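Residue-level listing of the chains:
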Amino acid sequence: MLTIDKVTRRFGAKAAVSDVSLEIADGAFIGVIGRSGAGKSTLLRMINRLQEPSEGRILCDGRDVTGLHGADLRAWRQSCAMIFQQFNLVGRLDVLTNVLMGRLNHVGQARALLKLWTAEDKAIALSALEQFDIGSLASQRAESLSGGQQQRVAIARALVQEPKFILADEPIASLDPRNTRIVMDALQRINRHYGITVICNLHSLDLAKTYCDRLVGMAQGRVVFDGVPAELTSAAARELYGIEADDVIDSHTPVPAAAGVFATA
Ligand SMILES: Nc1ncnc2c1ncn2[C@@H]1O[C@H](COP(=O)(O)OP(=O)(O)OP(=O)(O)O)[C@@H](O)[C@H]1O
C-alpha cells in the first residue's frame, strides 16, 4: 500500500500540489488526470523523490519514504521505475544495453560501467524485449527506432529493474494513436501479468477510462475526483478540465482497436 499523506509541494508562493492524500493499493492501475498544470507530474515526481514535498509524508507499507537518504533512497528509487514522455533512452547505445541499464542496481555500477553483463542479465533483458515484440531490435541503436518502439524499450528497461511501482508521466503524449494503444497495452501487461502497481499521468480521458481501474482527477494541485472510471460523469469531467474539456471529452480521437498487444510498430 502506498500512502500519500497530506502532501503539498510549493514552488515559491504557488502550490503545485496542495494537501493531497491518497491510498493506492498494490497492483492498482491508477490514472492521474486533469488539465495542464494541475500538478500531475509534480505528484508523480514526489513519489520517487525527484521532487521533495514541502509538507506531508509518503509511506510504502507504513514506512516513511520521505526522509530516506543514501542507499535507502537509491533502493526506493529502484522500486519506482519512471517512464517519461520522451523515453529517456541513450540514443547512441544499442537497445539491449539500454534495457540492461535497468539492471544497474542489481549488478553494481562498476560491472555495468565495464559492460560486464552476465549471460543471465542479457537473457533477462532480451526476454523483456521479446515480451513487447521488439526482441529483434536488440542490436539496433536506440535512436534509430520509432517513438512507439523506443517507449517499449523504456518499458522493458523499467521491467528488468524489478520495480514495485511504475510511474509513467504522459507516456504516450508524443505517440500516434496506434503506438499509443500498443504502449498502453504494454503497461497493462506489466500491471496484470506482474502485479506491478502503475500510476500513469494521462491527458486523454478516453485512454484513462479504457485502461485504468481508478482515476484521480486533479485541478489546481488538489484532488477533485477519485473513483472508478464509470463514476466520472461528463459533467464532472467538464469541471475537471475546464476550458480544455472539449479537447478531451467526446473527442472521437481515432484510437484503433488493439492490433494485438505484441504488434510491432
Ligand atoms: N520546477 C518548478 N518550478 C516552478 N514551478 C513549477 C515547477 N514544476 C512545476 N511547476 C508549476 O507547478 C504547477 C503544476 O505543474 P505540473 O507539471 O505538476 O502539472 P501537470 O498537471 O503535470 O501539467 P502538464 O500536463 O502540463 O505537465 C504548474 O503551474 C507549473 O508551472
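The structure we're discussing is the one just above.
Residues numbered from 1 in each chain as written. Predicted model: local features only at pLDDT ≥ 70, side-chain atom pairs only at ≥ 80, totals over all residues.

### Considerations on the pairing of strand E3 (residues 29-33)
Along E3, 5 of the 5 residues are buried, which leaves the element largely enclosed by surrounding structure. Taking every second residue as pointing to the same face, both faces of E3 are buried, with Phe29, Gly31 and Ile33 on one and Ile30 and Val32 on the other. Sheet topology note: the E3/strand E8 (residues 197-201) ladder contains 4 bridges and is parallel. Bridging across to E8, valine 32 finds its partner in asparagine 201. With 4 bridges joining them, E3 and strand E9 (residues 214-219) adopt parallel strand pairing. Each bridged residue has a counterpart across the sheet, and for isoleucine 33 the counterpart in E9 is glycine 217. (Buried ≥ 20, exposed ≤ 12 C-beta atoms within 10 Å, placed from the backbone. Helix = DSSP H or I, 4+ residues; strand = E, 2+ residues; numbered from the N terminus. Pairing = 2+ DSSP bridges.)

### Section: the site of the ligand
Neighbouring residues of the ligand: Phe11, Ala16, Gly34, Ser36, Gly37, Ala38, Gly39, Lys40, Ser41 and Thr42. It is helix H1 (residues 40-47) that provides the largest number of residues to the shell around the ligand, a total of 3 residues. (Near = placed C-beta within 6 Å.)

### Some remarks on the packing of helix H7 (residues 147-160) against helix H8 (residues 177-194)
Between H7 and H8, the shortest axis-to-axis distance is 9 Å and the interhelical angle comes to 10°. As judged from the angle between their axes, H7 and H8 are roughly parallel. Each of Gly147, Gly148, Gln151, Arg152, Ile155 and Leu159 in H7 lies in contact with H8, whose residues at this interface are Asn179, Ile182, Val183, Ala186, Leu187 and Ile190. Here the contact of H7 with H8 is built from residues that sort into 7 nonpolar, 4 polar and 1 charged. (Axes fitted to C-alpha atoms, helices over the stretch in contact; angles between N-to-C directions. Parallel < 35°, antiparallel > 145°, perpendicular 65-115°, else oblique. Contact = placed C-beta atoms within 7 Å. Nonpolar A, V, L, I, M, F, W, Y, C, P; charged D, E, K, R; others polar.)

### Focus: the sheet that holds strand E10 (residues 222-227)
One open sheet accounts for 6 strands, arranged E6-E7-E8-E3-E9-E10; its pairing is mixed. Of all strands in the sheet, those with a lone pairing partner are strand E6 (80-84) and E10, marking the two edges. Strand-to-strand twist in this sheet, taken as the mean axis angle between neighbours without regard to direction, amounts to 20°. Sitting on the sheet, H8 touches E3, strand E7 (165-169) and E8, and the angle it makes with E8 is about 155°.

### Notes on unusual backbone geometry
Within the chain, lysine 6 stands out as a residue other than glycine whose phi angle is a positive 50°. The topology assignment puts lysine 6 in strand E1 (residues 2-11). Judged by local crowding, lysine 6 falls into the exposed class, with 12 C-beta atoms found within 10 Å. Even without a glycine there, the phi angle at glutamate 162 is positive, about 55°. Structurally, glutamate 162 can be placed in the loop between H7 and E7. According to the C-beta neighbour criterion, glutamate 162 is partly exposed, with 16 such atoms within 10 Å.

### Topic: the nonpolar core
One finds Val99, Ile155, Ile166, Leu187 and Val198 to be the most contacted residues of the largest nonpolar core, which totals 75 residues. Per-element tally for this core: the top contributor is H7, with 7 residues. Each residue touching leucine 187, except ones within four places of it in the same chain, is listed here: Ile155, Ile166, Ala168, Pro171, Val198 and Cys200. (Core = buried A, V, L, I, M, F, W, Y, C linked by C-beta atoms within 7 Å.)

### Topic: the sheet that holds strand E2 (residues 14-24)
Taking strand neighbours across the sheet as the criterion, the 4 strands line up as E2-E1-E4-E5 in an open arrangement whose pairing is antiparallel. If you trace the sheet from one side to the other, it starts and ends with E2 and strand E5 (63-64), each paired once. In terms of strand pairing, E1 meets strand E4 (residues 55-60) through 5 bridges, oriented antiparallel. Bridge pairing in E4 links isoleucine 4 to isoleucine 58.

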